[in-house]
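Each chain, letter by letter, is given below.
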Amino acid sequence: MPTIAPLSASRLHATIDPARIPWDSSKDIPLPRNGRQNPFQPRAMQALDLALQINTQGYNVYLSGEADLGRSHMLLSYLGPQAKKLPTPNDLVYVHNFSDPDRPHLFALPAGMGKKFKQNLKELVEHIRVELPRRFEASTFVKRRAKLVDNFQNARMGLLRKMNSVAVDKGFNLDMDESGGLTLHPLVEGKRLSEEEFDKLDTNVRLSLKSQGDNLVQAMSGFMRQLNKAEESFQDDERGLERDAMNQVLTSYLTPIEQRMLKACQVKGLDAYFAELREDILKNTDAFLQRDGGMGPMGDIHGGPAVDAVLYRYEANLLVDSSSLEGAPIIVEDHPTAVNLLGCVERESEMGALVTDFTLIRAGSIHKANGGFLVLHIEDLLQHPNAWEGLLRALRSNVARIEDAGEGPDTPIRTKGINPEPLPLNLKVVLVGEEELYEGLLVNDDRFSKLFRIKAHMADTTERSAGNIRAYLGHIATIIKETELPCFDRSALAWLIDLGSHICEDQRRLSLRFPELRELMIEASALARMKKQDHISAPVLEEAYAARVYRANLVEEIYMEEYDRNMIKVQTSGQAIGQVNGLSVTWHGDFEFGLPHRISCTVGVGHEGIIDLEREAELGGPIHTKAMMILKSYLTDLFARKKPLVLSGSLYFEQSYAGIEGDSASGAELAALLSAIADVPVRLDLAFTGAVSQTGQIMAVGGVTRKIEGFYNVCARQGLTGTQGVIIPFDNVDHLMLAPTVIKAVENGQFAIYPVRRIEEALSLLTGLAIGRRLKNGGFTKGSLYDMVDSRLEQLGAYAQNAFRRSKKTKEG
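Residues numbered from 1 in each chain as written. Predicted model: local features only at pLDDT ≥ 70, side-chain atom pairs only at ≥ 80, totals over all residues. Heavy atoms only, no water.

Observations concerning the overall build of the protein chain
Across its full length, the protein chain holds 27 helices and 32 strands. When burial is assessed residue by residue, the protein chain has 46% of its 813 residues classed as buried. Relative to all contacts within the protein chain whose residues are 6 or more apart in sequence, the contacts with residues 24 or more apart total 77%. When the accessible surface of the protein chain is split by element, carbon and sulfur atoms take 50% of a total near 41,700 Å². (Helix = DSSP H or I, 4+ residues; strand = E, 2+ residues; numbered from the N terminus. Buried < 20%, exposed > 50% of the residue type's maximum accessible area, 1.4 Å probe, protein only. Contact = heavy atoms within 4.5 Å. Areas by Shrake-Rupley, 256 points an atom, 1.4 Å probe, with all protein chains shown as cover.)

Below is the structure:
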C-alpha cells in the first residue's frame, strides 16, 4: 500500500525573505510615475485606452470589478493625466430669449468668459441705474424736456381757449379738473349754475340745456381729438428724449462690452443677442428709473412693468463655469438623483403661485462633465430609475435636456414652465460596478449594450513574480505617501507581500485588493504610535492583524466554546463506522472562518438508494444535490456493473441547521458511505475536504486554508495527539496560506496536511486498509476495502430478495 506523505511546513505558506526586498524601507521605493499604466490591470487599461481614442457615439465604458479592488482610485489615477491633455471645455451660459421667453438661449463661451459675461451684464445694469438719472438731471436734458413741456402746454392752452370760446358762445362754461377731465357748466343770465341750481330748474329748461350741451360736446369733438393727439405727441417726444439719453448710456457702457465679447467669443447668435438686448433696454427705460410707488424722477408714470419683472432679463445664468479647470473635467457623481445628474428648472413662490425663468435653471453632472468624463457607480444610479432613464435618453439622442423638477414627459398635468435650449453632448460616461450587474443589464436592457460598448474588466489577482512584486511595493509606497503613514521597514514590506498572497489564498498570486492592505497599514500605524515607534515592522503588522481578527471573531469563538463543551459533537481522536469529519467555511459579516462537521451515514436493506437528508429537508442547495448524484454514479460504475444496487442509505451533516451548498464535502460523504457499507471504522483524527468526480478524482475546493485552520483550532483545544491532520485535494496545495500556529504544529510533528489526487488515497489514510483493484471476474482484491463493500452490497441484495419469502408446506394425501 503506497504511503501518502504529508506536506512539509515550507509548502504551507508562501514566504518572501526580507533580504530579497530591493529597498531598506518604504521611503526608498520610487513612486510610480503619474499617469503610468497600471501593470496589474492590462485588460482594463487596454479598454480605457481604446475608449479614449473613439469619439463615436455609444462607446462609453463599464468598469467591472469587485468593490474592494480600488476601482475608483485606479480609474481616477488613469483619467487624471489623460484629462489634462484634453482641451478645457467651454463655459455654459443661459440668457433670456427676447423673442420667446419660454425658450432661453444657451451659449457656449470659451473657458473663463462665462464669468466675465455674467459680471459684465451685472455691472451694465448697475451703471445704467446710476448713470441714467444723472443724464435726466443734466441741464441739456432738462432744457430739452422743458421746451417739450412748454410747447405742449402752449398748444394745450390754445386749444382750451378755443374750446372755451365756443362754449361761451353756446351759453356754457368749460372747466378742467386736475386729472385733465373737461366739464361743461350752463350759463343762465351770465351766471354759471351749480349742480344744485341746475337741479332746481324747470324740467323743460333742464332738458333743453342738456340737449344743447350734448350738441356742444359733439361740436367740440374735433378739439378733443387735437388735444389727445397733442398729448400723445408730447409723450412720444418725451420717450424719444429718454431713449436718446438711454442710447447715450448704452453707447458708453454696453457697446464696449459687446465689442469685447464678440471679439473674444466667436459664438453663433451672440451678436443677435446683444442687438436684442439693446433694443429691449431701450423699450424698458422706465424699469431703470422706478422708485417707491413706481414714480420716475420726472414725476410721470408711464405704466411700465415692475422692476423685478424686467431687470432679470438682463442677467446671465452661468450654468457651468470652467474657468478653474486645466484640461477636461472629471465629475464623480456620488448621489446620482435625476436632479443632480440631469439638472432641473427650479420654481419660486410668487403671490401664491410657482413661477420660473431662465435664472432658475440648474446644471446637472452631465452638463458639468461635458467635454470630459462622468463617473457613476451603477449601484447608486439604479436606485434612481428616473436618473437611469434620463441618462440613457441623453446618451442615445446625444443631447442633454433640462426639464422642470418633478415633471416628466408623461406627467398628465403640467404647470406652465420653460423649455431651455438643449446641450449637445461630448463626453465619456464610465459606469463602475460589479460583473453581476453588468450581465444583468445586458440581459434586461437592450439600450445598455448599444451605449456602453466597451467593458473594462479588472482582475482581482496577479502573478507573484519578481517584476510584479516590485510594482506591488510601488503601490504600497503610494498608499504610504497618500495616507501620510510612517516608514515601513524591509520586514514590514515582506510581510505585506505575503499578506497579498494570504488574502487571495494562493501562493503563486498576489491579491489586488489594495484597500484591504491600506486598512491594515493604517491600523498598524496607529498601533506603532501607541507604542511610541517611529517606523512599522513585521511584528507590528502581525499584531495589528491579530487585533483585527480578535475584533471580528466573536462568533467563531462562540462556536469553539461549543466544541469545548461538547455541545457540537466532533471527535478529533479515535475511530467510528460511517462517520467522517468534514469541513466547511462560514461567513459572519466580512469575517470568514472554518468549522468541522461530523458527516454521518447509515445503510440498511431497501430499494430507496442513497437519501440526501439535507435535500429532503430542503436545506441542501442544487450544487450539493448534484454532488450526491455523483456519489450514486460512482457507486453504480464501481459496484453495479453486473448486479443492481439494492440498499437504503442516508447521508447528512450532523447538527447543521442552516442551508448547505457546494460539493466540497462530497469526498467525505463518499468515505462515510463506503465505511457504513463495508462496516469499516474511519479515523476521526483526520478531517477531509475535497470534491469527488464520477471516476474518483479528488478536485480542488475553495476556502481550504480556513477549513484547515478551523479543524486545527478544534484539535488544539481538545489536545494535539500528533496523529491529527487534514486531507486536502492535491490541486489545492498552492492555495495554502496557513497561520503561523498551524505551520509551527506541522514543524513539530503535531499536525499534518495530506494532499491526495484520488478517493482511494483518502480512503487509505482514513481506514488504514488496502483499497483493492478490480479483478477479471468482476470482483476486487481479497480483503480490500472495495471487496468488503462489494460483498456487503451482494448481501444486502440477497436480504432484500429473500426477506419476505415464506417456507412452502407440502400437503399430504
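There is more to say after this.
Brief notes about the environment of Leu-7
On the secondary structure map, Leu-7 appears in the segment before helix 1 (42-53). Sequence separation between Leu-7 and Pro-755 is 748 residues; the distance between their C-alpha atoms is 7.3 Å.

A look at the nonpolar core
Ranked by internal contacts, the top residues of the largest apolar core, which has 56 residues, are Leu-63, Tyr-472, Leu-473, Ile-476, Phe-488 and Met-521. Not counting residues within four places of it along the chain, the set of residues in contact with Leu-473 comprises Ile-21, Pro-22, Trp-23, Ile-29, Leu-493 and Ile-497. Grouped together as the second largest cluster of nonpolar side chains are 46 residues, Cys-601, Phe-653, Ile-727 and Ile-771 included. (Core = buried A, V, L, I, M, F, W, Y, C linked by side-chain atoms within 4.5 Å.)

Some points on the sheet that holds strand 16 (residues 428-433)
Strand order in this open sheet of five strands is 8-13-16-1-17, and the pairing throughout is parallel. The open sheet terminates on both sides in strands that have one partner only, identified here as strand 8 (330-333) and strand 17 (454-457). Strand-to-strand, the axes of this sheet are offset by a mean angle of 20°, without reference to chain direction. Both strand 1 (residues 61-64) and strand 16 contribute to a ladder of four bridges, which runs parallel. Bridging from a neighbouring strand, Val-61 pairs with Val-430 of strand 16. Taken strand by strand, helix 1 contacts strand 1, strand 13 (373-377), strand 16 and strand 17, and its axis lies near 150° from that of strand 17. With respect to the sheet, helix 2 (residues 71-85) is in contact with strand 1, strand 8, strand 13 and strand 16, its orientation differing from that of strand 13 by roughly 175°. (Pairing = 2+ DSSP bridges. Axes fitted to C-alpha atoms, helices over the stretch in contact; angles between N-to-C directions.)

Some remarks on the pairing of strand 1
For a regular strand, side chains alternate in direction, first toward one face of the sheet and then toward the other. Neither face of strand 1 is open: one carries Val-61 and Leu-63, the other Tyr-62 and Ser-64, and all of them are buried. Here strand 1 pairs with strand 17 via four bridges, running parallel. Counterpart to Tyr-62 in the pairing with strand 17 is Lys-455.

Focus on the sheet that holds strand 3 (residues 105-109)
Ordered in space as 3-2-7, the three strands form an open sheet in which the pairing is antiparallel. At either margin of the open sheet sits one strand with a lone partner, and together these are strand 3 and strand 7 (316-320). For this sheet, the mean inter-axis angle between neighbouring strands, taken without regard to orientation, is 30°. Both strand 2 (residues 91-95) and strand 7 contribute to a ladder of four bridges, which runs antiparallel. Opposite Val-95, over in strand 7, you have Ala-316 as the bridge partner.

Observations regarding the environment of Glu-434
Along the chain, Glu-434 turns up in the loop between strand 16 and helix 14 (435-444). Sequence spacing of Glu-434 and Ser-64 is 370 residues, and the spatial spacing of their C-alpha atoms is 5.2 Å.

Observations regarding the side chain of Thr-356
Topologically, Thr-356 is positioned in the loop between strand 11 (353-355) and strand 12 (361-362). Owing to a relative accessible area of 18%, Thr-356 belongs among the buried residues under this scheme. Reaching out from Thr-356, the side chain makes a polar contact with the backbone oxygen of Glu-346 at a distance of 2.6 Å. Setting aside chain neighbours within four positions, we find Thr-356 in contact with Val-345, Glu-346, Arg-347, Gly-417 and Ile-418. (Polar contact = N/O pair within 3.5 Å; in protein donor to acceptor, adjacent residues only side chain to side chain.)

What about the layout of surface pockets?
Considered as a void within the structure, the second largest pocket measures approximately 970 Å³ in volume. Lining the second largest pocket are 37 residues, with Pro-32, His-73, Ser-77, His-475 and Thr-478 sitting closest to its centre. Contributions of two or more residues to the lining of the second largest pocket are made by helix 2, helix 16 (466-482) and helix 18 (514-530). With eight residues, the top contributor of residues to the lining of the second largest pocket is helix 16. Taken together, the residues that form the lining of the second largest pocket break down as 19 nonpolar, twelve polar and six charged. (1 Å grid on protein atoms, 1.4 Å probe; cavity = no way out; pocket = protein on both sides within 12 Å on 5 of 7 lines; lining within 4 Å. Points joined across faces, edges and corners; volume = space filled by probe spheres on them. Nonpolar A, V, L, I, M, F, W, Y, C, P; charged D, E, K, R; others polar.)

A closer look at the packing of aromatic side chains
Counting across every chain of the model gives 21 aromatic pairs. Ring centres of Phe-288 and Tyr-314 lie 5.9 Å apart, and the angle between their planes is 15°; on these two criteria the pair is classed as stacked. Taken together, the residues Phe-288 in the loop between helix 8 (270-283) and helix 9 (308-311) and Tyr-314 in the loop between helix 9 and strand 7 connect sequence positions 26 residues apart. Judged by relative accessible area, Phe-288 falls into the buried class, the value being 1%. When the centroid spacing of 5.7 Å and the interplanar angle of 75° are considered together, the rings of Tyr-438 and Phe-448 count as edge-to-face. Note that Tyr-438 is positioned in helix 14 and Phe-448 in helix 15 (residues 446-451), a separation of ten residues in sequence. The same class applies to Tyr-438 and to Phe-448, which are both buried. Through a chain of ring-to-ring contacts, three or more aromatic side chains come together here, namely Phe-98, Phe-107, Phe-117, Tyr-273, Phe-274, Phe-288 and Tyr-314. Of note, Arg-453 hangs over the ring of Tyr-59, and the distance from its end group to the ring centre comes to 5.4 Å. A cation over an aromatic ring shows up here: Arg-757 above the ring of Phe-730, its NZ or CZ 3.6 Å from the ring centre. (Phe/Tyr/Trp six-rings, centres within 6.5 Å; stacked < 30°, edge-to-face > 60°. Lys NZ or Arg CZ within 6 Å of the ring centre and 35° of its normal.)

Describing the pattern of salt bridges
Evaluated as defined, the whole model comprises 26 salt bridges. The shortest N-O distance in the salt bridge between Arg-313 and Asp-280 comes to 3.1 Å. Linking Arg-313 in the loop between helix 9 and strand 7 with Asp-280 in helix 8, this pair joins segments that are 33 residues apart in sequence. Here Arg-313 matches Asp-280 in class, with each residue buried. The partner of Arg-717 in a salt bridge is Asp-564, and the shortest N-O contact between them spans 2.7 Å. (Salt bridge = Lys/Arg side-chain N within 4 Å of Asp/Glu carboxyl O.)

Structural notes on the confidence of the model for the protein chain
Summarising the model, the protein chain shows a mean pLDDT of 85, and 82% of its residues fall at 70 or more. Here residues 291-305 scores under 50 on pLDDT; set against residues more than four positions off or in separate chains, the count is 23 contacts. Below a pLDDT of 50 lies the segment residues 806-813, which in the model reaches zero contacts outside its immediate sequence neighbourhood of four places, other chains included. (pLDDT = per-residue confidence, 0-100.)

So, a positive patch on the surface
Together, Arg-393, Arg-396, Lys-450 and Arg-453 make up a positively charged patch on the protein surface. Within the secondary structure, Arg-453 sits in the loop between helix 15 and strand 17. We classify Arg-453 as partly exposed; its relative accessible area is 43%. (Patch = residues over 30% accessible without salt bridge, like charges linked within 9 Å, V, L, I, M, F, W, Y side chains within 5 Å. Lys, Arg positive; Asp, Glu negative; His and termini not counted. Charge placed at Lys NZ, Arg CZ, Asp CG, Glu CD.)

Thoughts on the side chain of Asn-120
When you line up the elements, Asn-120 lands in helix 3 (residues 113-137). Once residues within four sequence positions are removed from consideration, Asn-120 is found in contact with Ile-257, Arg-260 and Met-261.

Quick word on the packing of helix 18 against helix 19 (residues 538-552)
Contact pair helix 18 / helix 19: the axes reach a minimum separation of 9 Å and the direction vectors enclose 110°. The orientation of helix 18 relative to helix 19 falls into the category roughly perpendicular. Along its contact with helix 18, which presents Glu-516, Glu-519, Leu-520, Glu-523, Ala-524, Leu-527 and Ala-528, the element helix 19 presents Val-540, Leu-541, Glu-543, Ala-544, Tyr-545, Arg-548 and Arg-551. Of the residues belonging to the contact of helix 18 with helix 19, the class tally is eight nonpolar, no polar and six charged. (Parallel < 35°, antiparallel > 145°, perpendicular 65-115°, else oblique.)

Quick word on helix 24 (residues 704-718)
Taking 1.5 Å as the rise per residue, helix 24 with 15 residues should run 21 Å; its terminal C-alpha atoms sit 21 Å apart, in good agreement. Of all the 15 residues making up helix 24, eleven are buried; the element is thus mostly covered by neighbouring parts of the structure. Along helix 24, the positions that sit buried rather than exposed are Val-704, Thr-705, Arg-706, Lys-707, Ile-708, Glu-709, Gly-710, Phe-711, Tyr-712, Val-714 and Cys-715. Positive phi shows up at Gly-719, right after helix 24, with a value of about 110°. (Expected span 1.5 Å × (residues − 1).)

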